[in-house]
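If you want the building blocks of each chain, they are given just below.
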Amino acid sequence: MPMIYYAFSLVAMMILRPVICNKLIIGKTSTRKCIYAALYFFPILTLIQAMGGGLIYYSFPYLLIVGSVVSLAIYLAQFPKQSMKYILIDIFKSPRNIIIILGHWSLHAYAIIGVTQFKNMSSFTPLAALVPLPTFYYIITVPYTDPNLTV
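What you are looking at is a predicted structure, and each value in this text was computed from that prediction instead of being measured.

What counts and what doesn't
- Per chain, residues are indexed from 1 in the order of the written sequence.
- With the structure being a predicted model, the display of local features is reserved for residues of pLDDT at least 70 and the display and counting of side-chain atom pairs for 80 or more, all residues being used for whole-chain, interface and lining totals.
- Side-chain metrics in this entry use all non-hydrogen atoms of the structure; hydrogen atoms and water are not considered.
- Paired rings are identified among Phe, Tyr and Trp, the last through its six-membered ring, by centres lying within 6.5 Å, and are further divided according to the angle between planes into stacked (under 30 degrees), edge-to-face (over 60) and tilted (the rest).
- Think of it in three bands: residues with accessible area under 20% of the maximum for their type are buried, residues over 50% are exposed, and the middle band is partly exposed, with areas taken using a 1.4 Å probe on protein chains only.
- Charges are assigned to positions over rings by a cutoff of 6 Å between ring centre and Lys NZ or Arg CZ, combined with an angular limit of 35 degrees from the ring normal.
- Angular values range over 0 to 180 degrees, each being the angle between N-to-C directions of two axes fitted as lines to C-alpha atoms, with helices fitted over their stretch in contact.
- Segments assigned H or I by DSSP are reported as helices when at least four residues long, segments assigned E as strands when at least two residues long, and all are numbered from the N terminus.
- Note that the term roughly parallel is reserved for angles under 35 degrees, roughly antiparallel for angles over 145, roughly perpendicular for angles of 65 to 115, and oblique for everything else.
- In this analysis, two residues are considered to be in contact whenever any of their non-hydrogen atoms come within 4.5 Å of each other.
- Residue polarity follows a fixed list, in which Ala, Val, Leu, Ile, Met, Phe, Trp, Tyr, Cys and Pro are nonpolar, Asp, Glu, Lys and Arg are charged, and the others, Gly among them, are polar.
- Note that the arc is defined by the directions from the helix axis to the C-beta atoms.
- Using a 1 Å grid laid over the protein atoms alone, points where a 1.4 Å probe fits but cannot get out form a cavity; open sets with protein on both sides within 12 Å along at least 5 of 7 lines form a pocket; any residue with an atom within 4 Å of a point counts as lining.
- Grid points are joined across faces, edges and corners, and a volume is the space filled by probe spheres set on the points.
- For every residue, the predictor states its confidence as a pLDDT score lying anywhere from 0 to 100.
- Fitting axes to the seven residues ending at a residue and to the seven starting there, one defines the bend at that residue as the angle between these axes.

Description of the packing of aromatic side chains
Per the counting criterion, the structure on display carries 4 aromatic pairs. With a centroid separation of 5.0 Å and 80° between ring planes, the pair formed by Y57 and Y58 is classed as edge-to-face. Y58 matches Y57 in its accessibility class, with the two residues each being exposed. Between Y75 and F79, the ring centres sit 5.4 Å apart and the planes meet at 70°, which makes this aromatic pair edge-to-face. Grouping residues by exposure puts Y75 and F79 together as buried. Sitting over the face of the ring of Y86, K81 holds its NZ or CZ atom 4.5 Å from the ring centroid. Over the ring of Y86 we find K85, and its NZ or CZ is 5.5 Å from the ring centre.

Structural data, given as structure tokens:
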């Protein structure tokens, strides 16, 4: 879509801009300079759009994995009592918490699907079992995150 927008903008600039500039600006040389300057920006913007879109396209599953794990950790860190027992009770006590956890798991599963792209089902199945791992890892290691705990 952005490339189509750039194409329409280029056509509109080539057809309409000289007419509007000639009507509004008296000097003829200044109108040519602003049109030529804009002609340099369209290829630059198109190149930036194409490269940036490609980078986001290929890195999106990995960014989604990191984002889902970080947002899950932030969400679990906001529980008032940071112990294994209380976090498990709080998660299953409220349907809102269950929906939020399932939403994080679905984002994580979607990212794993994006990384594997279902190319090989034998490699996808063990990775799909890793979907709830960040939640369980946080819950299991929460007793060790107390700064006042001395070992």
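Considerations on the packing of helix α3 (residues 84–93) against helix α4 (residues 95–116)
At their nearest, the axes of α3 and α4 sit 5 Å apart, and the two run at 100° to each other. In terms of their interaxial angle, α3 and α4 are classed as roughly perpendicular. Across the interface between the two elements, D90, I91, F92 and K93 of α3 pack against P95, N97, I98 and I101 of α4. Partitioned by chemical class, the residues of the contact of α3 with α4 number 5 nonpolar, 1 polar and 2 charged.

Examining α3
All buried positions along α3 are accounted for by I87, D90 and I91. When α3 is viewed along its axis, its buried side chains cluster within an angular range of 100° and face the same direction. What points out from α3, more than 90 degrees from its buried face, is the exposed set K85, F92 and K93.

Looking at the layout of surface pockets
Counted as a void, the largest pocket has a volume near 240 Å³. Looking at the lining of the largest pocket, the elements that each hand over two or more residues are α2 (28–77) and α4. Broken down by element, the residue count for the lining of the largest pocket peaks at 6 residues, all from α2.

A short note on the confidence of the model for the protein
For the protein, per-residue confidence averages 82 on the pLDDT scale, and residues scoring 70 or more make up 89% of the total. Averaged pLDDT values for the elements of the protein fall to 77 in helix α5 (residues 121–128) and rise to 91 in helix α6 (residues 133–141).

Focus on helix α1 (residues 2–24)
Of all the bends in α1, the greatest, near 40°, is centred on L16, and the proline P18 appears no more than four residues after it. Among the residues of α1, Y6, S9, M13 and C21 are the ones counted as buried.

Some words on the packing of α3 against α6
At their nearest, the axes of α3 and α6 sit 8 Å apart, and the two run at 140° to each other. Here α3 is positioned oblique relative to α6, judged by the angle of their axes. Along its contact with α3, which presents M84, I87, L88 and I91, the element α6 presents Y138, I139 and I140. Class assignment for the residues of the contact of α3 with α6 results in 7 nonpolar, no polar and no charged.

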